[in-house]
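Chain by chain, the residues run as shown.
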Amino acid sequence: MTGTVGGILLLGRILFSVFFLSSGVAHVKRRHTMVEDAKASGFPVPLLVGWPAGLWLLAAVVSIAAGVWPEIGALMIAAFVILAGLLFHRYWKVDDPVQRQMQQMYFLRNITFLGSALSLFAIFMGTGESLRFVLIAPILNVHL
């Protein structure tokens, strides 16, 4: 991987991480509100939505942006958005049309993030040791 391509990918990693940094901080700072919202939406284990989810996201952000086993961070984001989409943003169960539309937008945003996280995972895994601008290179590197 050239330095230019590595630099562009580094910028993409950082920009991708901005949303999850903000979300992770919000989950920690507003943990009580997050848990109450999760209870109201029928989330199966509401206590996980507060600080545990926030710490999970912050760890994923460090992994991706700083390059500490970044493929693991990409999988962490993928797992988070799958669970958030299927268990929290269940627009198909919302009766109010305005709330339904908002939840559908959040669900589709999570689908977009899932695609991005899986794409990053594939890049990190496929690039392996030649990935530039990382602190700890990917440990999962499969060249298919």
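Further up the page is the structure itself.
A short tour of the structure in this document, coming up. (Residues numbered from 1 in each chain as written. Predicted model: local features only at pLDDT ≥ 70, side-chain atom pairs only at ≥ 80, totals over all residues. Heavy atoms only, no water.)

## Considering the nonpolar core
Next up, step 1: In this structure, F16, F20, I77, F80, V81, L120 and F124 are the most contacted members of the largest nonpolar core, which totals 23 residues.
Next up, step 2: Of all the secondary-structure elements, those providing two or more residues to this core are α1 (3-29), α3 (51-67), α4 (70-88) and α5 (97-127).
Next up, step 3: Not counting the four nearest positions on each side in its chain, I77 is found in contact with F16, F20, L57, A60, I64 and A117.
Next up, step 4: Ranked by size, the runner-up nonpolar core spans 5 residues in total, among them A26, M34, F43 and V49. (Core = buried A, V, L, I, M, F, W, Y, C linked by side-chain atoms within 4.5 Å. Buried < 20%, exposed > 50% of the residue type's maximum accessible area, 1.4 Å probe, protein only. Helix = DSSP H or I, 4+ residues; strand = E, 2+ residues; numbered from the N terminus. Contact = heavy atoms within 4.5 Å.)

## Focus on the packing of α3 against α4
Next up, step 1: Running from N to C, α3 and α4 cross one another at 145°; their axes reach a closest spacing of 7 Å. The two elements α3 and α4 meet at a crossing, and its hand is left-handed. Judged by residue contacts, A53, W56, L57, A59, A60, S63, I64 and G67 of α3 engage P70, I72, G73, A74, M76, I77, A79 and F80 from α4.
Next up, step 2: In terms of residue class, the contact of α3 with α4 is built from 13 nonpolar, 3 polar and no charged. (Axes fitted to C-alpha atoms, helices over the stretch in contact; angles between N-to-C directions. Left-handed = near helix turned anticlockwise from the far one by under 90°. Nonpolar A, V, L, I, M, F, W, Y, C, P; charged D, E, K, R; others polar.)

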